[in-house]
Every structure is written in C-alpha cells, then in structure tokens.
Amino acid sequence: MDAMPQTSSATAEETLDPLDWADMQALSHRIVDDAVGYLRDVRDRPVWREMPGEVRAFFDAPLPRSPAPIAEIYGDVARNVMAYPMGNIHPRFWSWYMGSSNFTGALGDFLAAIQGSNLGGGNHAAGLMDSQVVDWCKQMVGFPASASGTLVSGGSMANIIGLTVARNTKAGIDVREHGVGAIAQPLRFYGSDQTHFCHRKAMEVLGLGNRALRRIPSDAAMRIDIAALRAAIAEDRKAGFKPACVIGNAGTVNTGAIDDLQALARLAADEDLWFHVDGCIGALIAIAPENASLVAGVEQADSLALDPHKWLHAPFEAGCALVRDAEAHRGAFAVIPEYLESTSRGLASGKWLHDYGLQTSRGFRALKVWMALKEHGIEKFGRLIDQNIAQARYLASLVEAEPALELMAPVSINIVCFRHRANGLSGERLKAFNTEIMLRLQEEGIAALSDTTVHDQHCLRVAIANHRTQYKDLDLLVAEILRLGTELAA
Ligand SMILES: *Cc1c(COP(=O)(O)O)cnc(C)c1O
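Quick caveat, the model's predicted, so the values are computed rather than measured.

Engineer: Which parts of the structure should I look at to understand the UniProt feature "modified residue: N6-(pyridoxal phosphate)lysine" (unreviewed entry) in the chain?
Structural biologist: Residues annotated in UniProt with the feature "modified residue: N6-(pyridoxal phosphate)lysine" (unreviewed entry) correspond here to Lys310. Structurally, Lys310 is set in helix 11 (residues 308–311). With relative accessibility at 13%, the residue Lys310 sits in the buried group.

Set out below in structure tokens:
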C-alpha cells in the first residue's frame with residue numbers, strides 16, 4: 001500500500017464538531033433545563049407580544065463570516081427568538097388551526113437531528129419507523145393494512161399527494177409521460193365552498209387550474225350540499241367535462257363542519273369518482289371515543305390527508321397522506337434513476353421512501369410522533385380530542401348565555417365562531433369593533449383568536465386544538481371580551 005499522503009501541519013483538518021465536548025455538554029444541559037422551564041411555565045407568560053425595535057433589528061444582522069462562542073449565540077436565541085414565539089404552545093392560543101406541540105415530541109426532533117438520517121430511502125431504522133408511523137395512521141383512521149401512505153410536511157402537501165394520485169388515476173392517459181395537455185376530456189374536481197385553499201394551490205400545481213375545482217354550495221350547517229353536487233356533476237358530464245374527484249371535508253377550517261362522508265363515498269362510487277378526504281382537522285376524531293361517529297366514512301376514502309402536527313400535537317412539521325390503492329400511489333411518484341438503484345443487501349436494500357412523494361431527501365419526522373404516541377398511548381390522544389370538543393361546546397354555551405355575544409355558526413367540533421354585538425352596530429363598524437377586540441386580546445397577551453367570515457358575516461373564531469386549554473381559560477376569554485367590549489363602547 002502506498003503511504004498516506006503527507007499533510008501539512010499548517011493546514012489542520014477542520015470539522016464542525018465542538019473543540020471541547022465537555023463545554024458543549026454543559027451548555028446542552030443548560031439548554032435542556034431552560035427548555036423544561038419554558039414549557040412548564042408557559043401559562044405565566046403572555047400568549048404573544050410585539051417585538052421591540054431592537055429585537056427586530058437583530059434579524060437584520062449580516063451574514064456571519066467569523067466564529068462566535070456558542071454560549072453567546074444561545075444567549076441571543078434565548079433573548080430574541082425564544083422570547084417572541086407565535087404562541088401556539090400557550091393554553092390560550094386558539095388562532096387559525098394548529099397543535100400545541102409537546103416536550104417528548106421536541107426530544108424526538110432533537111434525537112432525529114442528532115442521528116441526522118436522511119429518509120429518502122435505505123435500509124436503516126429511521127426508514128422503518130417512518131413506515132411504522134404511516135401504518136399507525138392507517139390504523140387510527142380505519143384504513144386497510146394494504147393501503148399506502150407517506151409522511152409529509154403537513155396537510156397541504158398531503159392533499160397534493162392525494163389529488164395527484166386522483167388526477168393520474170382518472171386522467172385516462174399516462175399523465176406522467178404526456179402531461180395534462182394530452183388529457184382528452186378536461187377533469188373536474190369538486191369540493192364545498194368551505195374547502196381549504198390548499199386545494200386550489202394543488203389544482204394549480206397539478207396543471208388543472210383553479211377552475212377545474214368546482215365549489216359546491218354548503219348548507220346551513222356548512223356541509224357540502226349533496227344534491228347540488230349531483231347536479232353539478234350531471235351538468236359537467238353534459239358539457240363534456242370528466243368528473244374525476246370529490247373532496248370531502250372532515251372538519252372545515254372555517255367552522256369545523258364535517259361533510260356527510262358516507263354519502264360522499266356512495267356518490268363517488270355511483271359516479272365513478274375518486275374520493276379524497278381532507279381530514280387535516282378531523283380525521284383523527286376517529287380515535288376519540290365520544291365523537292368518532294362524526295367522521296364515519298373517513299375510512300372509505302381513496303385518499304386521505306391528516307395532520308399529526310394538529311390534533312396529535314407533534315412539533316411542526318408532520319402531515320400524512322394515505323392512499324388506499326398502494327400501486328396507484330407508488331405509480332404516481334416512483335422513478336428509479338441510475339444513481340438510486342436498490343440492492344438485495346446492505347444500505348440500499350430498503351424501501352425508497354422518495355417513491356411515494358415529491359421529496360428526495362426527507363427528515364426523520366416520524367420519531368417525534370412515534371415517541372409521543374408510545375408515551376401516552378392512542379387512547380389519551382383520543383380523550384384529548386374529546387376534551388377539546390367538549391370545551392368548544394362549553395364556550396358556545398357561554399356565548400349563548402351572554403346577551404352581548406352571538407354565536408355565528410353551529411359548533412360541530414372544536415371551532416367556535418361568534419361575535420360581540422357591539423350594542424347593535426352593523427356592517428363595517430361591527431367588524432371593526434370585533435377586530436379591535438381580537439387585536440387587543442393579542443396585544444395584551446391574554447389570548448390569541450383569529451377571525452373569519454361565515455355566510456357573509458364577519459366573526460371571531462376560536463379553534464381549540466390545544467392540550468393545555470382548561471375550562472377556566474374559556475371563562476377568562478369571555479370575561480375579557482366583555483371587558484374590552486365595554487371599554488370600546490365607552
Ligand atoms: C390545516 C389545514 C390544511 C393545511 O394543512 P397544513 O398542515 O397547514 O399544510 C388543509 N386543510 C385543512 C382543513 C386544514 O385545517
């Protein structure tokens with residue numbers, strides 16, 4: 001053997017590993033101690049607060065060219081980053097729709113990053129665990145073991161995965177080879193007018209265009225009007241379109257309405273449509289003993305999007321797409337380039353997870369979900385979902401009991417839409433009054449709500465997907481809204 005090449009002592013080899021592991025260990029312990037306190041005491045801090053100018057300026061710092069001590073860097077992060085969160089881990093955060101994370105999940109994210117594995121493929125433990133978490137998701141929602149699935153960044157991606165398989169299956173041609181321009185009869189997809197905007201983006205990115213998604217009116221309960229859907233399908237067939245897919249909502253983002261999924265499954269079978277369910281909010285209600293029946297039919301979907309970073313409280317990001325027909329799923333995404341051929345043994349003998357979605361490199365997002373599921377068991381997650389739904393019904397009862405407030409939509413699960421009546425103001429002035437209440441609740445650090453428009457009426461919106469929320473938080477919310485209402489009226 002040749003001698004190793006001589007290295008010059010003047011150019012010592014470098015690495016990113018710490019020069020002093022003991023120092024790094026001590027700092028890491030401090031970070032963990034701080035993290036425990038951060039989560040333990042979250043209730044004592046404001047939900048949210050505006051960043052002062054000097055904190056904003058911190059984010060304008062130029063590209064660092066020379067090193068800095070890691071302890072100093074951590075100090076900056078603690079002061080400028082950890083102190084100004086979005087707030088969704090706080091018990092009184094109910095804006096938009098997101099989960100509230102959990103400590104075990106954070107440890108999982110840390111360990112996943114320490115292992116550093118890339119889950120594009122390969123024969124290693126992280127890949128197996130990723131597939132196991134997908135299998136667990138199937139079991140939670142009643143999908144058959146033969147179904148396929150993939151973990152993705154979130155619900156938007158999970159919906160794109162499902163809708164891609166729907167398009168390819170219904171196109172009547174090999175879309176992957178020839179593109180959407182070669183589709184003979186333009187495809188039509190259907191969803192209620194409450195369907196999440198990510199489906200519009202999906203239609204755009206799939207090359208079908210926004211107009212290929214027909215919005216079907218929703219009824220008084222904000223569920224898709226099935227008769228109107230049937231009529232739209234018939235009309236489209238007459239006009240030369242090919243009805244391809246119906247999107248059912250298991251929990252709409254505006255009000256939490258759940259479409260009649262069983263009726264949609266029957267209709268899809270009758271009309272030969274792909275049945276996709278957006279279950280980003282509600283699919284997991286299937287594990288909640290008191291409310292599971294609300295999502296009956298979710299298990300009949302051809303494809304389903306669900307979101308572990310919502311009601312399983314996984315730290316962001318974790319979504320999951322399930323596809324009943326495993327061949328159709330793989331057929332929509334698999335490509336075997338010469339540099340990624342599998343082998344019968346060794347590292348490249350595993351399942352290539354990039355065959356099931358759009359990413360090549362993939363992070364180990366399964367571990368944070370897996371560890372929390374193991375720690376608590378699925379029954380507890382189910383009870384927490386029931387708890388949030390019961391809390392939403394409680395809030396609705398407080399609103400209904402309070403003459404100054406008005407419930408604006410039926411509460412089917414965990415989303416409450418309501419407004420302050422503002423002594424009879426109307427139109428833009430009523431909206432401004434309620435918006436001001438919402439902003440003051442945020443700025444005073446009391447609670448984070450969002451707002452929306454339901455049946456053309458502006459309202460405040462509380463979405464309780466939060467394992468830290470307690471009934472007393474909802475009592476406080478109502479009391480503070482009444483206080484602010486009185487202050488604003490004065
Ligand atoms: C949150 C949500 C989405 C989008 O999911 P992300 O995880 O935010 O990408 C889609 N549909 C519904 C009904 C949602 O609530």
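Engineer: I'm lost on the pattern of salt bridges in this one. Help?
Structural biologist: Side-chain pairs of opposite charge can arise whenever the charged atoms involved come near each other. Taken as a whole, this structure holds 24 salt bridges when the rule is applied. The salt bridge involving Asp270 is made with Arg230; its shortest N-O contact spans 3.7 Å. With Asp270 in helix 10 (residues 261–271) and Arg230 in helix 9 (residues 226–238), the pair connects residues that are 40 residues apart, well separated along the chain. Assessed through its relative accessible area of 35%, Arg230 is described here as partly exposed. Measuring nitrogen to oxygen at the nearest pair gives 3.4 Å for the salt bridge that ties Asp307 to Lys310. For Asp307, a relative accessible area of 2% corresponds to the buried category. Members of the salt-bridge network, linked through shared partners, are Arg188, Arg214, Glu235 and Asp236.

Engineer: Would you explain the site of the ligand in this entry?
Structural biologist: The environment of the ligand is made up of 13 residues, and the closest members are Gly155, Asp278, Asp307, His309 and Lys310. Take His309: an N or O atom from its side chain is 2.7 Å from an oxygen atom of the ligand. Calculation on the ligand without its partners gives an accessible area of 380 Å², and the protein chains cover 86% of this total. At the level of elements, helix 6 (155–170) and helix 11 are the ones that each hand at least two residues to the shell around the ligand.

Conventions used here
Residues numbered from 1 in each chain as written. Predicted model: local features only at pLDDT ≥ 70, side-chain atom pairs only at ≥ 80, totals over all residues. Heavy atoms only, no water. UniProt positions renumbered as here; feature names shortened; annotations may be inferred. Helix = DSSP H or I, 4+ residues; strand = E, 2+ residues; numbered from the N terminus. Buried < 20%, exposed > 50% of the residue type's maximum accessible area, 1.4 Å probe, protein only. Salt bridge = Lys/Arg side-chain N within 4 Å of Asp/Glu carboxyl O. Near = heavy atom within 4 Å. Polar contact = N/O pair within 3.5 Å; in protein donor to acceptor, adjacent residues only side chain to side chain. Areas by Shrake-Rupley, 256 points an atom, 1.4 Å probe, with all protein chains shown as cover.

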